[in-house]
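Residue strings, one per chain:
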Amino acid sequence: MPKMAPELSAIEIKRLKHPGGGLNVMVAVGGVSGLYMQLLPSGGRTWVLRTRVGGKTRDMGLGGYPEVGLAAARDKAREAKDKIRQGIDPVEERKAARASLIAARNRGLTFADAVDRYLASRLEEFRNDKHKAQWRSSLDSYAKPQIGDMLVQDITVQDVLLTLQPIWASKTETASRLRGRIEAVLSWATVAGHRTGDNPARWGGNLKELLPKPSKVAKSDNQPALSLTDAPTWFGDLRTREGMGSRALEFLTLCASRSGEVRGATWDEIDLDNALWVIPASRMKMDREHRVPLTPAAVALLKALPRLQDNPLVFPAARGGQLSDMTLSATMKRMHESEVEAGRKGWLDSRNGRPAVPHGLRSTFRDWAAETGQARDMAEIALAHRVGSDVERAYRRSDMVERRRAMMADWAKFLGVK
């Protein structure tokens, strides 16, 4: 029977030191045959189990000391020897497990990479580069900091919740779109074989139970609108101001259009002879062509604009590119500040008291249309909103452009344009 080494105590193990020289020293610690403390010349200490596997002597590392204590080392040694008795090679088992883990990791996909692959696969479905950029921007800004480095198979409902909660109340519309985009990316990842199970970003029967409905908190997202009583005076002030931003804002007001539609307008969309602006579906939020009848004031504004050679934009920035949304916002902000400096209240939303912004001008137009008895559908079409059910839209062939022309002329007259 082989001689058993004396069982060293935890304090004796702690006191072991390398005797000097350049070779590793093996010290039997007892308790389990073949268990050694390996003392390194550098001062490091590791556990080694020396045993026979398949007729050959093998040294098996059990971890470093003190991360692995004496009791844990003896337990690991006993477990390894039990496996050997069952015909299992612990070293080969460990290699196989490590290889499997590496392979699984290589097959894994981070959320950030999933976003890239999803966008690449859906390239043709996006209306335009701006829409694709909006997708990426919202995911980069809000999702990637929280879950970008996580493997898609590891993302849980709580991870998605932690991503959405910080902006759910303050930026509800953005947060709601972000949720849908995360859901779409994870759905693609599931079909592509990178994850299994329920989609943690799903709304119904999932996040719906944890977050308030967007309709209950979205009111905070309403854009401050200019009050009807202030609109004519404000518009008169705007027309006295110089700069491309002022002209773009004036055109936006006359047409009740969105900022992006105006800033991206090109001369080939404008038919001055027929006083018509045709915005292609690729630039519209609803992905449908939109015709805007131009009032005499809008036509006069366009004719007075300079046309830059080799630049198709109607309202180019100083360096030739597209005006930024901030340019129009800054114009309205300066107008408000000028009023306040003059001792007046400024251009405020009558409901919430906040300074009006460009997008709120569409609400001002809608209020005017309601107050003056304009046909609801006609006003909604002017704003490029969807009107009626899918069936109704399928049967409605007219966009009432000539009737809307008269309505927009009345709107211009209300604003003080002769």
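The structure under discussion appears in the preceding block.
Residues numbered from 1 in each chain as written. Predicted model: local features only at pLDDT ≥ 70, side-chain atom pairs only at ≥ 80, totals over all residues. Heavy atoms only, no water.

Asks: Hey, could you go over the pattern of salt bridges for me, with residue numbers and the actual values?
Replies: Two side chains bearing opposite charge may form a pair once their charged atoms approach each other closely. Following the criterion strictly, the structure yields 25 salt bridges and no others. The partner of R58 in a salt bridge is D89, and the shortest N-O contact between them spans 2.9 Å. Here R58, found in strand 4 (residues 56-65), pairs with D89, found in the loop between helix 2 (70-85) and helix 3 (90-107); they are 31 residues apart in sequence, far enough to count as distant. Salt-bridge contacts for E261 lead to R258; the nearest nitrogen and oxygen are separated by 2.7 Å. Using a relative accessible area of 11% as the deciding quantity, one classes R258 as buried. Linked by salt bridges that have partners in common, R58, D89 and E92 make up one network. (Salt bridge = Lys/Arg side-chain N within 4 Å of Asp/Glu carboxyl O. Helix = DSSP H or I, 4+ residues; strand = E, 2+ residues; numbered from the N terminus. Buried < 20%, exposed > 50% of the residue type's maximum accessible area, 1.4 Å probe, protein only.)

Asks: Summarise the nonpolar core; cite the residues concerned and give the values.
Replies: Among soluble globular proteins, nonpolar side chains are generally buried collectively. Grouped together as the largest cluster of nonpolar side chains are 55 residues, with contacts concentrated most on W234, F251, W277, L294, L302, F315 and F365. Of all elements in the fold, only helix 9 (231-239), helix 10 (244-255), strand 6 (276-279), helix 12 (296-304), helix 13 (325-341), helix 14 (360-371), helix 15 (376-382) and helix 17 (401-414) reach the threshold of two or more residues within this core. For this core, the element with the highest residue contribution is helix 10, accounting for six residues. Beyond its immediate sequence surroundings of up to four residues, F315 is in contact with M244, R247, A248, F251, V262, R263, L301, L302, L305 and L323. F111, I155, W168 and L178 belong to the second-largest nonpolar core, a separate cluster that totals 28 residues. (Core = buried A, V, L, I, M, F, W, Y, C linked by side-chain atoms within 4.5 Å. Contact = heavy atoms within 4.5 Å.)

Asks: Before we move on, could you go through the sheet that holds strand 6 and cite the residues and values that matter?
Replies: Ordered in space as 5-6-7, the three strands form an open sheet in which the pairing is antiparallel. Whereas interior strands pair on both sides, the edge strands pair on one side only; in this sheet they are strand 5 (270-271) and strand 7 (290-293). Relative to strand 7, strand 6 runs antiparallel, the two being bridged by four bridges. Following the sheet pairing, L276 is matched in strand 7 by P293. (Pairing = 2+ DSSP bridges.)

Asks: Go over helix 9 with me, naming the residues and quoting the values.
Replies: Along helix 9, the positions that sit buried rather than exposed are A231, W234, F235, D237 and L238. Take helix 9 and look down its axis: the buried residues cluster within an arc of 160°, on one side only. Packing partners of the buried residues in helix 9 comprise helix 10, helix 13, helix 14 and helix 17. (Arc of directions from axis to C-beta.)

Asks: Account for the side chain of E261, naming residues and giving values.
Replies: In this fold, E261 is placed in helix 11 (residues 259-263). Among residues more than four places away in sequence, those in contact with E261 are W277, I279, R283 and M284.

Asks: Give me the lowdown on the packing of helix 10 against helix 12, citing residues and values where you can.
Replies: Interaxial distance between helix 10 and helix 12 falls to 10 Å at its minimum, and their mutual angle equals 160°. The pairing of helix 10 with helix 12 is recorded here as roughly antiparallel in orientation. At the point where helix 10 passes helix 12, the crossing takes the left-handed sense. Taken together, the residues of helix 12 that come into contact with helix 10 (itself represented by R247, E250, F251 and L254) are A297, A298, L301 and L302. When grouped by side-chain class, the residues that make up the contact of helix 10 with helix 12 number six nonpolar, no polar and two charged. (Axes fitted to C-alpha atoms, helices over the stretch in contact; angles between N-to-C directions. Parallel < 35°, antiparallel > 145°, perpendicular 65-115°, else oblique. Left-handed = near helix turned anticlockwise from the far one by under 90°. Nonpolar A, V, L, I, M, F, W, Y, C, P; charged D, E, K, R; others polar.)

Asks: Can you explain helix 13? Please cite residues and give values.
Replies: With 17 residues, helix 13 extends 25 Å between its outermost C-alpha atoms, agreeing within 8% with the 24 Å of an ideal straight helix rising 1.5 Å per residue. By the burial criterion, the buried members of helix 13 are L328, T331, M332, M335, H336 and E339. The arc that holds the buried residues of helix 13, viewed along the axis, is 130°, so those residues lie on one side. Turned more than 90 degrees away from the buried face of helix 13 sit M326, K333 and E341, all of them exposed. (Expected span 1.5 Å × (residues − 1).)

Asks: Outline unusual backbone geometry, listing residues and values.
Replies: Omega for the peptide link from Y65 to P66 comes to 10°, which places this bond in the cis form. The residue P66 is located in the loop between strand 4 and helix 2 in this model. Even without being glycine, M400 reaches a positive phi, approximately 55°. Among the secondary structure elements, M400 is positioned in the loop between helix 16 (390-395) and helix 17. The class for M400 is buried, based on a relative accessible area of 18%.

Asks: Describe the packing of aromatic side chains, and please don't skip the residues or the numbers.
Replies: What the rule picks out here adds up to 11 aromatic pairs. Ring centres of W368 and F414 lie 6.4 Å apart, and the angle between their planes is 40°; on these two criteria the pair is classed as tilted. Taken together, the positions of W368 in helix 14 and F414 in helix 17 put the pair 46 residues apart, joining distant regions of the chain. Judged by its relative accessible area of 4%, W368 is buried. On the basis of relative accessibility, which here comes to 28%, the residue F414 falls in the partly exposed class. In this structure an aromatic cluster arises from ring pairing among F365, W368, W411 and F414. Directly above the ring of Y36 sits R50, whose terminal nitrogen or CZ lies 5.5 Å from the centroid. Between R307 and the ring centre of W267, over which it is positioned, the NZ or CZ distance is 3.8 Å. (Phe/Tyr/Trp six-rings, centres within 6.5 Å; stacked < 30°, edge-to-face > 60°. Lys NZ or Arg CZ within 6 Å of the ring centre and 35° of its normal.)

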